[in-house]
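Chain by chain, the residues run as shown.
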Amino acid sequence: MIEKHIVLEDIDPVVFYGVGNAHLQMLRALYPKLRIVARDNVMRIMGDEEQMAAFEDSSEKLRQHVVRFNTLTEEDILDIVKGKRTREQVPDGVVVYSTSGRPIKARSENQQRLIDAYQENDMVFAVGPAGTGKTYLSIALAVKALKDKTAKKIILSRPAVEAGEKLGFLPGDMKDKIDPYLQPLYDALEDMIPQVKLQDMMEKHQIQIAPLAFMRGRTLSDAVVILDEAQNTTPAQIRMFLTRMGWNTKMIIIGDMTQIDLPHSQKSGLIEALHILNNVEGIGVVNLNGKDIVRHKLVTRIVNAYENYDKEYKNNESINKD
C-alpha cells in the first residue's frame with residue numbers, strides 16, 4: 001500500500017468536497033480501492049497504485065475545473081472521472097465565473113470596449129454613470145489575471161471622501177471608519193471568489209484593499225491596480241496614484257463625473273488627468289453612458305432625468321448671466 005498527499009491549491013476546498021462532503025463520498029465510491037481522507041485543502045490518499053495514479057489525474061482536472069468555473073457538480077465529476085467530454089475551455093466573451101457559476105462578461109458594447117482597452121493598454125480610464133458595471137467588470141478582469149497568474153496580486157483603492165456624511169462621526173478605529181467606503185469592492189470580490197478563499201488571499205496580501213492615502217510611497221509591481229471613485233481625487237492625489245505604477249502592472253481608473261463629492265472650490269483630479277493624458281500612448285479611455293446601465297431599469301431613468309436637469313440648469317444659468 002502506498003500513500004500520497006494532494007494539495008488543492010487556488011480553490012475553496014468546500015466547493016471541491018461538496019456540501020456535506022457529497023463530492024468526496026462520490027469520489028470514494030468511484031475509487032473503491034483507495035482510502036481518501038480530507039482535511040482543509042489536503043487530501044491523504046492510500047491504496048492501490050494504479051487507482052491512485054488515475055485519481056491524481058482526475059483530481060487535478062477537477063481542481064482546474066473549479067478554478068475556471070467556481071463550481072463543481074456531480075455530473076462534472078462523472079464526466080471528468082469517466083473521461084467524457086466536459087467544459088474544458090471558458091466560452092468566448094466570459095471573463096470569469098461568479099461563485100454561483102454565473103458567467104461574468106460584457107453586457108453592452110461599451111463594456112466590451114472596456115475589456116478590449118484593458119487587453120490593449122497598461123492603463124485604462126473607465127468613466128460613466130452609476131450602474132454601468134465599471135467597477136464590477138474591472139474587478140472581474142483583475143480576478144481573471146490572478147487566476148491566469150498574469151498578475152501576482154490585486155490592489156483596490158478609493159478615496160475616503162464623504163458624500164454628505166462626516167468620516168469623523170463614524171464609530172470605531174480607522175479601519176472601521178474606512179471600511180464602509182470600500183464595501184462596494186468587497187461586494188464584487190465576494191461575488192467572484194469563495195469566502196474562505198477570499199479571506200485567505202487577503203491574509204496573504206494577494207488581494208489588498210486600501211484607501212488612496214495608503215498608496216503614497218509604494219511601487220506597485222506585478223499587479224492589477226484599480227482606483228475606484230477617481231472623480232473624488234484631487235489633482236495631487238491622482239498624480240501620486242498614477243506614478244505608483246511598476247513593472248508588469250495594469251491600472252484601471254474608474255470614475256463618475258456626475259458624483260463628484262469634493263468641495264466646490266476643489267478641482268477633480270480625474271477631469272484634469274483625462275485632459276492631460278488624453279493622447280498618451282499606452283493609455284485607453286472608455287466612456288460609458290446610460291445605454292450601458294445593467295442595474296434595475298429605473299436606474300437608467302433616474303440617470304437620464306438628472307442629466308436632463310443638469311443641462312436645463314446650466315442653460316438657465318447661462319441665460320441669467322447674459
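Structural data are supplied above this passage.
Residues numbered from 1 in each chain as written. Predicted model: local features only at pLDDT ≥ 70, side-chain atom pairs only at ≥ 80, totals over all residues. Heavy atoms only, no water.

## Observations concerning the overall build of the protein chain
The line we're drawing: Secondary structure elements are defined from DSSP: runs of H or I of at least 4 residues count as helices, runs of E of at least 2 residues count as strands, and each element is numbered from the N terminus. Should any heavy atoms of two residues lie within 4.5 Å, those residues are counted as being in contact. Per-residue accessibility takes into account occlusion by the displayed protein chains alone, with areas from the Shrake-Rupley method and a 1.4 Å probe.
In terms of regular secondary structure, the protein chain is built from 11 helices and 11 strands. Expressed as a percentage of contacts within the protein chain between residues at least 6 apart in sequence, the contacts between residues at least 24 apart total 69%. Split by element, the accessible area of the protein chain, about 18,000 Å² in all, is 50% carbon and sulfur.

## Section: the side chain of D228
Selection rule: In protein, a polar contact means a hydrogen-donor-capable atom and an acceptor-capable atom, both N or O and within 3.5 Å, with residues adjacent in sequence counting only if both atoms are side-chain atoms; elsewhere, any N or O pair within 3.5 Å suffices.
Mapped onto the secondary structure, D228 falls in the loop between β9 (223-227) and α9 (235-242). Side-chain polar atoms of D228 contact the side chain of T135, separated by 2.9 Å. Residues contacting D228, with those up to four places away along its chain left out, are T135, S157, R158, P159, L185 and I254.

## Concerning the sheet that holds strand β3 (residues 42-47)
Worth spelling out the cut-off: DSSP bridges decide pairing: two strands pair if at least two such bridges lie between them. Fitting a line to C-alpha atoms yields each axis, with helices limited to the stretch in contact; the angle taken between N-to-C directions then spans 0 to 180 degrees.
Spatially, β1-β3-β2 is the arrangement adopted by the three strands of the open sheet, whose pairing is antiparallel. Looking at which strands have only one partner, the edges of the open sheet turn out to be β1 (2-7) and β2 (34-39). Shown here is a sheet whose adjacent strand axes are inclined to one another by a mean of 20°, direction ignored. Against the sheet, helix α2 (residues 22-30) touches β2 and β3, its axis set at about 165° to β2. In this fold helix α3 (residues 49-69) packs onto β1, β2 and β3, with an angle of close to 5° to the strand it touches most, β1.

## Here we look at α3
For clarity, the cut-off: Helix span, as expected, comes to 1.5 Å for every residue beyond the first. Exposure categories follow from relative accessible area, calculated using a 1.4 Å probe and restricted to protein chains: below 20% of the type maximum is buried, above 50% is exposed, and the middle band is partly exposed.
Compared with the 30 Å implied by 1.5 Å per residue over 21 residues, the 30 Å span of α3 between its first and last C-alpha is a close match. Three or more residues of α3 are buried, namely Q51, M52, F55, S58, S59, L62, R63, H65, V66, V67 and F69. One side-chain oxygen at the N-terminal end of α3 lies 3.1 Å from the backbone nitrogen of E50; it belongs to D48.

## A look at a nonpolar patch on the surface
To keep things clear, this is the line we draw: Only residues whose relative accessible area exceeds 30% and that take part in no salt bridge are eligible for patches, with like-charged residues grouped when within 9 Å of each other and nonpolar side chains (Val, Leu, Ile, Met, Phe, Trp, Tyr) grouped when within 5 Å. By definition here, a salt bridge exists when the distance from a side-chain nitrogen of Lys or Arg to a carboxyl oxygen of Asp or Glu is within 4 Å.
The grouping of M257, I260 and I271 at the surface amounts to a nonpolar patch, some 210 Å² of accessible area in total. Within the secondary structure layout, I271 lies in helix α10 (residues 269-276).

## Remarks on the environment of I302
Looking at the element boundaries, I302 is found in helix α11 (residues 297-321). Classification of I302 by relative accessible area gives partly exposed; the value is 43%. With 12 residues separating them along the chain, I302 and G290 place their C-alpha atoms 9.7 Å apart.

## Topic: the packing of α9 against α10
Test applied: Should an angle fall under 35 degrees it is called roughly parallel, over 145 degrees roughly antiparallel, and 65 to 115 degrees roughly perpendicular, with every other angle called oblique. Crossing chirality is assigned from the near helix's rotation relative to the far helix, an anticlockwise turn below a right angle marking it left-handed and a clockwise turn marking it right-handed. Residue type decides the class: Asp, Glu, Lys and Arg count as charged, Ala, Val, Leu, Ile, Met, Phe, Trp, Tyr, Cys and Pro as nonpolar, and the leftover types, Gly among them, as polar.
Relative to each other, α9 and α10 sit at 60°, their axes nearing to 7 Å. Considered as vectors, α9 and α10 are oriented oblique to each other. Pair α9 / α10 crosses with right-handed handedness. Between α9 and α10, the contacting residues are P235, I238 and L242 on the first element and G269, L270, E272 and A273 on the second. Among the residues making up the contact of α9 with α10, the classes are represented as five nonpolar, one polar and one charged.

## With respect to the packing of aromatic side chains
Inclusion rule: Two rings from Phe, Tyr or Trp (for Trp, the six-membered ring) form a pair when their centres sit within 6.5 Å of each other. Planes less than 30 degrees apart are called stacked, planes more than 60 degrees apart edge-to-face, and all others tilted.
This structure, assessed with the given rule, holds three aromatic pairs. Seen in terms of ring centroids, Y31 and F55 are 5.2 Å apart; in terms of plane orientation they differ by 90°. Their pairing is edge-to-face. Placement of the pair is Y31 in the loop between α2 and β2 and F55 in helix α3, with a sequence separation of 24 residues. Judged by relative accessible area, which is 1%, F55 ranks as buried. Relative to Y97, the ring of F69 lies with its centre 5.0 Å away and its plane at 70°, an arrangement referred to as edge-to-face. Residue F69 is found in helix α3, and its partner Y97 is found in strand β4 (residues 94-97); the two are separated by 28 residues along the sequence.

## Remarks on the side chain of R63
Assignment of secondary structure puts R63 in helix α3. The exposure class of R63 is buried, given its relative accessible area of 15%. Separated by 3.0 Å, the side chain of R63 and the backbone oxygen of E9 make a polar contact.

## A look at the sheet that holds strand β6 (residues 123-127)
In a beta sheet, neighbouring strands are held together by backbone hydrogen bonds and run either parallel or antiparallel to one another. Read across the open sheet, the six strands follow the order β8-β7-β9-β10-β6-β11; overall the sheet is parallel. Unpaired on one side and paired on the other, β8 (207-211) and β11 (283-287) mark the two borders of the sheet. Adjacent strand axes in the sheet meet at a mean angle of 15°, parallel and antiparallel pairs treated alike. Where strand β7 (residues 153-158) meets β8, five bridges bridge the pair, whose relative direction is parallel. Directly across from S157, in β8, lies its bridge partner A210. Strand contacts of helix α6 (residues 134-147): β6, β7, β8, β9 and β10 (250-255), with the helix running at about 165° to β10, the strand carrying the most contacts.

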